[in-house]
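Listed below are the residues making up each chain.
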Amino acid sequence: MIAIGSDHGGFDLKEAVIAHLKEKGYEVKDVGCYDKSSCDYPVYGKAVANAVADGTCEKGIVICTTGIGISITANKVKGIRAALCADTLSAKLTRLHNDANVLAMGAGIVGPNLALSIVDTFLETEFSGEERHQRRINQIED
């Protein structure tokens, strides 16, 4: 299951990502927001991060206007490695090298077509498992 959340600035992109994920057969846990009314991104960043950290969801996606604030919020939760990605190479490498478990995107930075490619790359790329990368992840977690 994939947890997804956004603030009002990321709402439209969140809805597009949800439709895309469901079309691809993923089960989705939408933690909000549920419309374009002004709201606070930390609420949704924490909700996604907690769902991933407690094992309810395998991975998470968080979206705000820039992706910055919501990624900072998600990274405050123990066990979360949220990566802000605006291109597919970053999405691939953060999975291969960092075993990132939450993808952050900025709706004002990436358009919907690119965002869906970033999502696909993030979800379809496995962690390399290489010792040097695991060692570095362990140092992050300490």
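Attention in this report is confined to the structure presented alongside it. What you see is a predicted model, and the numbers here were worked out from it, not measured in a lab.

## A short note on the nonpolar core
Point 1. Formed by 22 residues in total, the largest nonpolar core has its most connected members in Val-17, Leu-21, Ile-61, Leu-103, Met-105 and Val-119.
Point 2. Mapped by element, the contributors of at least two residues to this core are strand E1 (2–6), helix H1 (11–23), strand E3 (59–64), strand E5 (102–106) and helix H5 (112–124).
Point 3. Tallying contributions element by element places H5 first for this core, with six residues.
Point 4. Not counting the four nearest positions on each side in its chain, Val-17 is found in contact with Ile-4, Ile-61, Ile-63, Met-105, Leu-116 and Val-119.
Point 5. Residues Ala-3, Ala-74, Val-77 and Val-102 belong to the second largest nonpolar core, which totals 16 residues.

## Digging into the sheet that holds strand E2 (residues 28–30)
Point 1. In space, the five strands of this open sheet follow the order E2-E1-E3-E5-E4, with parallel pairing throughout. Sheet topology places E2 and strand E4 (82–84) at the edges, where each strand pairs with a single neighbour. Across the sheet, the mean angle from the axis of one strand to that of its neighbour is 20°, orientation sign disregarded.
Point 2. As paired elements, E1 and E2 share three bridges and run parallel to each other.

Cut-offs applied
Residues numbered from 1 in each chain as written. Predicted model: local features only at pLDDT ≥ 70, side-chain atom pairs only at ≥ 80, totals over all residues. Heavy atoms only, no water. Core = buried A, V, L, I, M, F, W, Y, C linked by side-chain atoms within 4.5 Å. Buried < 20%, exposed > 50% of the residue type's maximum accessible area, 1.4 Å probe, protein only. Helix = DSSP H or I, 4+ residues; strand = E, 2+ residues; numbered from the N terminus. Contact = heavy atoms within 4.5 Å. Pairing = 2+ DSSP bridges. Axes fitted to C-alpha atoms, helices over the stretch in contact; angles between N-to-C directions.

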